[in-house]
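# Understanding the architecture of this molecule
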Amino acid sequence: MAVQRRKPAKRKRTSARPPKRGPGVPASRDHALSLVREMMLIRRFEEKADELYSLGKIRGFLHLYIGEEAVCVGAMRGLTSDDSVVATYREHGHAISRGISPGTVMAEMYGKVNGCSRGRGGSMHLFDVSRKFYGGHAIVGAGIPFAVGLALADKMESKPHVTACFFGDGAVDEGEFHESMNMASLWKLPVLFICENNLYAMGTALDRHESVRDIAAHARVYGVHAEQVDGMDVLAVEAAVERNAKAIRRDGTPRFLEILTYRFRGHSMADPVLYRSKEEVSEWMTRDPISSFLLLLRNAGLVGDVDVEKLEKSVAAEIDEAVRFAESGEWEAVEDLTRDVYTPAGARS
Amino acid sequence: MKMTYREAVREGLRHVLKSDPRVFLMGEDVGRYGGAFAVSKGLLAEFGPDRIRDTPLSESTFTGAGIGAAIGGMRPIVEIMTVNFSMLALDQIVNSAAALRHMSGGQISVPLVVRMATGGGRQLAAQHSHSLEGWYAHVPGIKVLAPATPNDARGMLVAAIEDPDPVFIFEHATLYPVEGEVDDPFQPVDISRSTIRRAGTDVSIFAYGGSLGKALQASDDLTTAGISAEVVDIRVLRPLDEATILESVSRTHRVVVVDEMWRTGSFAGEISALIMEKAFYDLDAPVVRVCSAEVPMPYAKHMEAAALPQTANIVAAAQEILGRHG
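These notes cover the structure that comes with them. Small disclaimer: the values here were computed from a predicted structure and weren't measured.

Before going further, it helps to examine the overall build of chain B. Looking only at helices and strands, chain B features 12 helices and 14 strands. Taken against the 2.2 N^0.38 rule, which gives 20 Å for 326 residues, the C-alpha radius of gyration of chain B at 19 Å falls within 12% of a compact globule. Projected onto its principal axes, the C-alpha coordinates of chain B cover approximately 60 × 45 × 40 Å. Within chain B, buried positions represent 62% of all 326 residues.

What follows is about helix 10 (residues 267–279) of chain B. Residue and element names in this part refer to chain B. The terminal C-alpha atoms of helix 10 lie 18 Å apart, and with 13 residues this matches the ideal 18 Å at 1.5 Å per residue to within 8%. Those residues of helix 10 that sit buried are Phe267, Ala268, Ile271, Ser272, Leu274, Ile275 and Ala279. Considered in projection along helix 10, the buried side chains sweep an arc of 155° and stay on one side of the axis. Where the residues of helix 10 are buried, they touch helix 6 (133–137), strand 10 (203–207), strand 12 (236–238), helix 9 (242–252), strand 13 (255–262) and strand 14 (288–292).

Each partner contributes to the interface: chain B provides 45 residues, whereas chain A provides 40 residues. Between chain B and chain A, the buried area comes to about 3500 Å², and carbon and sulfur atoms account for 60% of it. Our enumeration of links across chain B and chain A arrives at 1 salt bridge. In this structure, Asp340(A) and Arg101(B) form a salt bridge, with 3.0 Å as the shortest nitrogen-oxygen distance. The interface formed by chain B and chain A holds 17 residue pairs in polar contact (both at pLDDT 80 or more) in total. Among the residues forming the side of chain B that touches chain A, the class breakdown is 17 nonpolar, 17 polar and 11 charged.

As a further point, take the pairing of strand 8 (residues 255–260) of chain A. Residue and element names in this part refer to chain A. Burial of strand 8 is extensive: 6 of the 6 residues sit out of reach of the surface. Neither face of strand 8 is open: one carries Arg255, Leu257 and Ile259, the other Phe256, Glu258 and Leu260, and all of them are buried. Note that strand 4 (residues 191–197) and strand 8 share 6 bridges and pair parallel. In the sheet register, Cys195 faces strand 8, and the bridge partner there is Glu258. As judged from the 6 bridges shared by strand 7 (residues 225–230) and strand 8, these two strands associate in the parallel manner. Bridged to Glu227 within strand 8 is Leu257. This β-α-β element, strand 7 to helix 9 (residues 234–251) to strand 8, shows right-handed connectivity.

For the rest of this paragraph, the subject is the nonpolar core. Within the largest apolar cluster, 157 residues are counted, with the highest numbers of intra-cluster contacts made by Phe167(A), Phe256(A), Phe293(A), Phe206(B) and Ile275(B). The element best represented in this core is helix 1 (residues 29–54) of chain A, accounting for 11 residues. Met3(B), Leu145(B), Val158(B) and Leu175(B) belong to the second largest nonpolar core, which has 35 residues in total.

Criteria and thresholds
Residues numbered from 1 in each chain as written. Chains lettered and ligands numbered in written order. Predicted model: local features only at pLDDT ≥ 70, side-chain atom pairs only at ≥ 80, totals over all residues. Heavy atoms only, no water. Helix = DSSP H or I, 4+ residues; strand = E, 2+ residues; numbered from the N terminus. Rg over C-alpha atoms; globule rule 2.2 N^0.38 Å. Buried < 20%, exposed > 50% of the residue type's maximum accessible area, 1.4 Å probe, protein only. Expected span 1.5 Å × (residues − 1). Arc of directions from axis to C-beta. Contact = heavy atoms within 4.5 Å. Buried area = accessible area lost by both parts, 1.4 Å probe. Salt bridge = Lys/Arg side-chain N within 4 Å of Asp/Glu carboxyl O. Polar contact = N/O pair within 3.5 Å; in protein donor to acceptor, adjacent residues only side chain to side chain. Nonpolar A, V, L, I, M, F, W, Y, C, P; charged D, E, K, R; others polar. Pairing = 2+ DSSP bridges. Right-handed = clockwise from strand over helix to strand, strands pointing away. Core = buried A, V, L, I, M, F, W, Y, C linked by side-chain atoms within 4.5 Å.

In structure tokens:
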């Protein structure tokens, strides 16, 4: 029997090493500053949340996004306010960059009634329907079918919207991911799947949870156009999301972005991070999305020390205000415990 | 006017598809094939593939997509072939559909209708025959209906689509060919109330779905023995209409609950506990449950029949608590 010998095809593999920064240039100084400010705001917000968690002011599970800020900040800029967003349980950044005030997010984490979900959701279930921000889903992968449904509704009503669905590399192991890729592709639904590949499914490294480490390849199997993007580069994320959202509006078919990123902290506050080396973490930290972007802007002469100082100051004031808003919020009356299990009589959705 | 339960569900579907352009049906084999139980036969030709959608065999995803589409402004009806298969969509149902409104602080309603077949009696063995509606009735945030008659099957579906919350309708698989009288002209059915199907004075028999016919037959048989049995069709498992149940007990003082779920942890157990908590002093005898045997459903006809509640078991239970043996 003749055996055909072939060289194995070269496959792009997700590496544990941070990608090198591309030659991105911001559109303007104002634009650059707004990107930096938003990333800083999310970073400082979460550092404050970390502190408040240690003080016992915030309880439950708290999943910090520190290191991944370029993903949500870049991604939201590439979407319109008519597009829908579905996020995971690591979604403080997504909520804030979607325009939900840090105060209502913080109040939600306090469990106060002035939180964005009346204190019923907490850190993992942030919602703001007025901004088409649909959670806040804490079962890994469960938001993906939900996003497919939002997109189906838009398609059936001939609306030119995109549903952006965020999930992590761990969700790729769930059946719903594969079912949803199949259905979205089969039905040509306007979904932008955004996989935030931070290389760990909770504490399990990609090469210990994925048989095929090239995650974009999983989407291509279902005929979905897929790209890999440097998630430490806010401009690269912004450009990729904008470009792909436009393509979805034009073609009416789903697209997939595998965004290569890294979380500098553990999976949650309970995670002692014993599963990865200090060297690996520090190597990724050299690509910190905020400081590396600032360096680019400094080198281009777009930003100076005074600008950074000003930004830090205004961000600090906004965080103080957010904490004040949360601290001064009321606890929901216990009499309201069973409110909103069902829609009140007479109300129509 | 008479029609079968199958025709009644189809008429309900046709009614809501016609009256609201946001309504669409999706599920396995609902289109070309005409529905696994032939419920949706003809609807594809009438409403087209956009509104009668054949899905991949992906229960979790098409149920989740139903939730998303409902929130996105549509009025989806999801058909899951049998309750056994709905286990694959349990996460979407319990963790999303039921919870979203509460955990979003009331921002989101999920106007989704899910229909599925339930129950045994057709020799389909252990992976197509179980009755698990009581599991769903455990979950706050969803509504659970079990229509037992063609008129309820049609009218409850129409009421369900008008409801802003997720409504789950369990259609007992043996009922589809059963014929019954339906309102003409069409009347909506109240999906918040149980109903008394036959008034009686000596004993209350509580049943729903596929067990209702057996309860009514038992009531006939008991009449010949001089026993007046009231038959109450529970029909709304959540939120449960406690008033109708307690009111019946206050008149008859004796109770038989029929439920095709396994006895341990059955919905009948919930009815029984409710009566113990709220009507204990009305009782002249302990509540008796007639449920399925504690086995995965066997295939062989005689064994399946032995596993399921039957008319004779209901009659015997009623006679037992009345101290009159046949």
